[in-house]
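Close look at the chain arrangement
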4 protein chains.
Amino acid sequence: MIPEKLRHRLHTIIHEADTPSGKAFDLILLALIVISIIAVMLESVVSIRLEYGNILSVVEWIITIFFTLEYIGRLLSVRSPLKYACSFYGIIDLLATLPGYIDLFFPGWHFLLALRAIRLLRIFRILKLVHFVGAGNLLIVSLRKSRAKILVFVFTVLVLCIILGTIMYMVEGPESGFTNIPVSIYWTIVTLTTVGFGDITPVTPLGQFISSIIMIMGYGIIAVPTGIVTSEFIARKSPDTNTQSCPDCSTNDHKDGANFCYHCGKNLHK
Amino acid sequence: MIPEKLRHRLHTIIHEADTPSGKAFDLILLALIVISIIAVMLESVVSIRLEYGNILSVVEWIITIFFTLEYIGRLLSVRSPLKYACSFYGIIDLLATLPGYIDLFFPGWHFLLALRAIRLLRIFRILKLVHFVGAGNLLIVSLRKSRAKILVFVFTVLVLCIILGTIMYMVEGPESGFTNIPVSIYWTIVTLTTVGFGDITPVTPLGQFISSIIMIMGYGIIAVPTGIVTSEFIARKSPDTNTQSCPDCSTNDHKDGANFCYHCGKNLHK
Amino acid sequence: MIPEKLRHRLHTIIHEADTPSGKAFDLILLALIVISIIAVMLESVVSIRLEYGNILSVVEWIITIFFTLEYIGRLLSVRSPLKYACSFYGIIDLLATLPGYIDLFFPGWHFLLALRAIRLLRIFRILKLVHFVGAGNLLIVSLRKSRAKILVFVFTVLVLCIILGTIMYMVEGPESGFTNIPVSIYWTIVTLTTVGFGDITPVTPLGQFISSIIMIMGYGIIAVPTGIVTSEFIARKSPDTNTQSCPDCSTNDHKDGANFCYHCGKNLHK
Amino acid sequence: MIPEKLRHRLHTIIHEADTPSGKAFDLILLALIVISIIAVMLESVVSIRLEYGNILSVVEWIITIFFTLEYIGRLLSVRSPLKYACSFYGIIDLLATLPGYIDLFFPGWHFLLALRAIRLLRIFRILKLVHFVGAGNLLIVSLRKSRAKILVFVFTVLVLCIILGTIMYMVEGPESGFTNIPVSIYWTIVTLTTVGFGDITPVTPLGQFISSIIMIMGYGIIAVPTGIVTSEFIARKSPDTNTQSCPDCSTNDHKDGANFCYHCGKNLHK
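Small disclaimer: the values here were computed from a predicted structure and weren't measured.

1. So, the overall build of chain A
Helix and strand content of chain A: twelve helices and zero strands. Shown N-terminal to C-terminal, the secondary structure of chain A runs as helices and strands in the order α-α-α-α-α-α-α-α-α-α-α-α. Within chain A, the proportion of its 270 residues that are buried is 49%. Sequence separation of at least 24 residues holds for 51% of the intrachain contacts in chain A that already meet a minimum separation of 6.

2. Description of the pattern of salt bridges
Two side chains that carry opposite charge are able to pair once their charged atoms sit near each other. Residue and element names in this part refer to chain A. What the rule picks out here adds up to 20 salt bridges over all chains. Taking the shortest distance from any N to any O, the salt bridge between Arg119 and Asp93 comes out at 3.0 Å. Pair noted here: Arg119 is in the loop between α6 (98–105) and α7 (123–127) and Asp93 is in helix α5 (residues 88–95), with a separation of 26 residues, a long-range link. The pair formed by Arg119 and Asp93 is uniform in burial state, with each residue classed as buried.

3. Some thoughts on empty space enclosed by the protein
Scanning the entire structure with this criterion turns up five cavities of 30 Å³ or more. One number sums up the size of the largest cavity: a volume of about 140 Å³. In terms of lining, the largest cavity is formed by 14 residues, of which the most central are A:Ile222, B:Ile222, B:Thr226, C:Ile222 and D:Ile222. Residue composition of the lining of the largest cavity, grouped by class: five nonpolar, nine polar and no charged.

4. As for a nonpolar patch on the surface
Residue and element names in this part refer to chain A. Among the surface-exposed residues, Trp61, Ile65, Leu69, Ile72, Leu104, Phe105, Phe106 and Trp109 lie close enough to one another that they form a single nonpolar patch of about 880 Å² accessible area. Looking at the nonpolar patch, the elements with two or more residues in it are α3 (46–77) and α6. Top element by residues in the nonpolar patch is α3. It accounts for four residues. For Ile65, the location among the structural elements is in helix α3.

5. Quick notes on the domain arrangement of chain A
Under the domain assignment, chain A is made up of domain 1 (4–127) and domain 2 (150–233). Centre-to-centre separation of domain 1 of chain A and domain 2 of chain A, based on C-alpha positions: 40 Å.

6. A few points about the packing of helix α3 (residues 46–77) of chain D against helix α6 (residues 98–105) of chain D
Residue and element names in this part refer to chain D. It is at 8 Å that the axes of α3 and α6 come closest, and there the two elements cross at 125 degrees. One way to sum up the angle between α3 and α6 is to call them oblique. Across the interface between the two elements, Trp61, Thr64, Ile65 and Thr68 from α3 touch Gly100, Tyr101 and Leu104 from α6. Split into classes, the residues belonging to the contact of α3 with α6 amount to four nonpolar, three polar and no charged.

7. Some remarks on the packing of aromatic side chains
Residue and element names in this part refer to chain A. Inspection of every chain in the model, using the stated rule, returns 20 aromatic pairs over all chains. Consider the rings of Phe66 and Phe67, whose centres lie 6.2 Å apart with planes at 55 degrees: the pair is tilted. Among the residues examined, Phe66 registers a relative accessible area of 28% and is labelled partly exposed. The exposure class assigned to Phe67 is buried, which follows from its relative accessible area of 1%.

8. Things to note about the confidence of the model for chain A
All names here are of chain A. Summing up the model confidence of chain A, the mean pLDDT is 81 and the portion of residues at 70 or higher is 83%. At the low end of the mean pLDDT range in chain A sits α7, at 66; at the high end sits helix α10 (residues 181–192), at 94. The low-confidence segment residues 238–243 (pLDDT under 50) makes 14 contacts with residues lying over four places distant or belonging to another chain. What the predictor reports for the complex is a pTM of 0.84 with an ipTM of 0.81.

9. What about the packing of α10(A) against helix α11 (residues 205–221) of chain A?
Residues and elements named next belong to chain A. Running from amino to carboxyl end, α10 crosses α11 at an angle of 50 degrees, the nearest separation of the two axes being 8 Å. As summarised for this structure, α10 and α11 are arranged oblique, according to the angle between their axes. Every residue of α11 that contacts α10 at Trp187, Thr188, Thr191 and Leu192 is listed here: Ser211, Ile214, Met215, Met217 and Gly218. Each residue belonging to the contact of α10 with α11 can be placed in one class, and the counts come to five nonpolar, four polar and no charged.

10. Remarks on the side chain of B:Glu70
Residue and element names in this part refer to chain B. Tracing the backbone through its elements, the reader meets Glu70 in helix α3 (residues 46–77). Relative accessible area serves as the criterion here: at 5%, Glu70 is assigned to the buried category. The residues touching Glu70, leaving out its near neighbours within four places in the chain, are Ile14, Phe25, Leu29 and Arg119.

11. A closer look at helix α3 (residues 46–77) of chain C
All names here are of chain C. Within α3, the axis deviates most sharply at Tyr52, by approximately 85 degrees. Within α3 the residues assigned to the buried category are Gly53, Leu56, Glu60, Ile63, Thr64, Phe67, Thr68, Glu70, Tyr71, Gly73, Arg74 and Ser77. In the core, the buried residues of α3 are packed alongside α1 (4–15), α2 (20–44), α4 (81–86), α5 (88–95) and α6 (98–105).

12. With respect to unusual backbone geometry
What is expected of a backbone is that most residues other than glycine have negative phi and most peptide bonds are trans. One non-glycine residue, A:Thr194, adopts positive backbone phi at about 60 degrees. Relative to the assigned elements, A:Thr194 resides in the loop between α10 and α11.

13. Considering the environment of A:Glu51
Residues and elements named next belong to chain A. Locating Glu51 in the fold gives a position in helix α3. On the accessibility criterion, Glu51 (59% relative accessible area) is exposed. Residues Glu51 and Met170, 119 residues apart in the sequence, show an inter-C-alpha distance of 51 Å.

14. Here's the deal with the environment of A:Ser36
Residue and element names in this part refer to chain A. Structurally, Ser36 is set in helix α2 (residues 20–44). For Ser36, a relative accessible area of 2% corresponds to the buried category. Each C-alpha atom of the pair Ser36 and Thr226 lies 36 Å from the other, and the pair is 190 residues apart in sequence. Not counting the four nearest positions on each side in its chain, Ser36 is found in contact with Ile63 and Arg116.

15. Remarks on the environment of A:Ile189
As for its placement among the helices and strands, A:Ile189 is situated in helix α10. Sequence spacing of A:Ile189 and A:Leu158 is 31 residues, and the spatial spacing of their C-alpha atoms is 8.3 Å. Sequence-distant contacts of A:Ile189, defined by excluding residues within four places in its chain, comprise A:Cys161, D:Ser212, D:Met215 and D:Ile216.

Calculation notes
Residues numbered from 1 in each chain as written. Chains lettered and ligands numbered in written order. Predicted model: local features only at pLDDT ≥ 70, side-chain atom pairs only at ≥ 80, totals over all residues. Heavy atoms only, no water. Helix = DSSP H or I, 4+ residues; strand = E, 2+ residues; numbered from the N terminus. Buried < 20%, exposed > 50% of the residue type's maximum accessible area, 1.4 Å probe, protein only. Contact = heavy atoms within 4.5 Å. Salt bridge = Lys/Arg side-chain N within 4 Å of Asp/Glu carboxyl O. 1 Å grid on protein atoms, 1.4 Å probe; cavity = no way out; pocket = protein on both sides within 12 Å on 5 of 7 lines; lining within 4 Å. Points joined across faces, edges and corners; volume = space filled by probe spheres on them. Nonpolar A, V, L, I, M, F, W, Y, C, P; charged D, E, K, R; others polar. Patch = residues over 30% accessible without salt bridge, like charges linked within 9 Å, V, L, I, M, F, W, Y side chains within 5 Å. Areas by Shrake-Rupley, 256 points an atom, 1.4 Å probe, with all protein chains shown as cover. Domains from an automatic or database assignment. Axes fitted to C-alpha atoms, helices over the stretch in contact; angles between N-to-C directions. Parallel < 35°, antiparallel > 145°, perpendicular 65-115°, else oblique. Phe/Tyr/Trp six-rings, centres within 6.5 Å; stacked < 30°, edge-to-face > 60°. pLDDT = per-residue confidence, 0-100. Bend = angle between axes of the 7 residues up to and from the residue.

This is the structure we're talking about:
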């Protein structure tokens, strides 16, 4: 479709962050995202919209067009456009552009442009600071490793909320603001997570007693996800194993300072 | 009572989760529980009850009858029905059925059908994922091990709440919403657990000062259950080294499953 | 004053918890404390006071007289009454008795009888369960060890609250509910500890922006006391050192399984 | 400018905390800071200002003049006044003096005198308690070490708040109190950090459903900063073993300061 040389040039600018032109492009992109988000936010404020609505609208359209061109550029500059379009970043990039056009048909939906904020996470890639990338990876790996435990925990908490919410509905009833079971479950989640809006509060002594139990449970239960993640972080931190790989049997989680493979006895230093 | 062969067949379907028929049965059960809970929830919403009340009622009755048959099936298919009926799961299964009938005498009690949600926890057994079962067991074992510490902690916190609640009652008095000591204790629990509904708030300067102390205490005290559970999780996690000692060089912190000494290469099993 | 034999008898009953009579006495004491606290609580509820006020008053007086006799008994049964009267438990025991009499001169102060709740902590001594005593000690030792860190932390947080509270007072002003600086500091503590009553809330955009920063700070800062206590718990848990003491140089924190003193080289097993 | 001898004398009094005169000076300073902060607080209370405004004003002016003299003294007593003026403490000391004068031109700004509270942190320097200094340093080092991780975390949370806040604005709309996107983001932060003021609350079922997800996320996410700080604290705590290896038996996990191998008794220093 387009000459190979141009594609290569586009790729250097858009997809790479190490070259000067690539870095400049990424910085402009970040600046535009920030401006765009601020424009969307300001537009939602009635008094500002009435006075500067036109300017903000123009700014949004310019940035949307720029993002559209960038998206097309990304599609053209990669070898397999379809693969990019279906990748995580490809979908994010599309979602950051579409809402601007949707607004033509469904007014109000352009607020979804705030989804562009996800693209801000690129900042860590641009900064290319070993610290930040390492920190981000550690967080992700730790959370992924504790996924099963967290899922079991969240599911159990949800079952608890359904039961406690129903009991609170039966105890307090609609006259205290617990109008139905879904609302009661919402209230239980508000209480168990120690958020406590106070839009709905128990009025009867029995309701207050059960609430006290829910609150103390929520206060104690928070220890569980904390414990899960902390123990995972600590496990990730102790670099007790090194990166040696046995030349014979390829076992590769040897202790630091090991001379022989613990699996086959082969000398690791030869 | 019933032929041994039929009982065996029933047992395979109802109690086992490994066979195809058992798995199918469990999945149907889960689906019915979810439908039943949604029906109960929707029925509690006034506008939905007025319009679809009859349908929801029929759905609930069908599921209640199915659960009744299932409970009878479980009783018939085990060797000692009494033992099952008194077991934890037996009681849960009964509680998941009874509220449907209680409603005939005490209208409104059928909301207790939400107790069926407990049965949803079976999902981990059906999924039979090692990860999830292991995660669940780890959580349970850790919580059980820290039971004594958590009980001491909760009891001390309760004593604290009684004393602080009484002091707040004397400082603020009924005119600020602290109508009596039980309500003041409820307020203290709301505050100490950092829930903070705001339905009752201190008004006098002294009351606000004491509240500040309660809040800072609550903010710090949460560290205790977290510390208890986290240290338990970490203790559960680290059986990575075994107790073998090398017969040659006496190095003794080998990895679990090691065959050879990592220091001198000696075979550890000889 | 009183015969030695009677004193010894009294001491066995009142101060010891191992003998049958001592245990019975402690259990009666606990029961009376619980009844007394419930009586005080119920009396504070207006509707109950109007109907059963007289009965509750009589119950409180009987228990107060019993506690007075018990306090005199404790004084008489120990060798140095003054030392007991000035000890922690002696003061608690006095405070659990006095409010009953103060009420004769200052009505309303008898609610302080709720201070008797502190005596409930004796339950752990009576149960004499190794688990609970150990758990309690671990909690106390860990908290005492991290006292310095927690004090530094709380003091820094308080300084932060003073400064942020003053800034919020200047930004929001009395018309938003931040009537003066002490109230603003109270609000800052409410917000930083994530309690969030909602009795006072920021109204101006700048105030809401600063509030957001305070909230995120409070959300992150909670990690500090948790980290302090957790690391202390873990340090308490790893019994990596044994109880051997070197016969030569008395060094006593040897590793588990050590054969020789790491300080002087002496064989520890001889 | 001033004689060297006088400068040395000034330096001893103002900058050192070990000499008796220096310690006395520091204690007077702390007392004045506390009095000054209390005066500022009291002045903000309308009823007190009306009655004692004059006295408080005089107290503030006396302390401001003392602080001015102290600042000049600090400038004169150091070798390079400019370096001190630009240092962290130099700026704090200036900020603790200026607001008193600004008030002459902009009434109301003297409340910034509360910034003097920062100077209270000197108390740890005066106390010179090894425990406290060590505790403070440990906290600072741990927080500095986990800076990168905490930044990544806070940034990710902020991006999340922007997106969720926009979605809540679109779902709930101005009629439920979500007047614009900045306010919705403020609400999301209030909810995610589990503060939950309750000044704005979701009203629609969909809004309450999304809120529930935000709350459960916030309840779980708090585990991340806690895990980061705790693992850092633990890493800081355990330098109990050194890297020595016994020349005879190669045991290598000796305690710090060990002279002899705990396994074979060999002198480790030879």
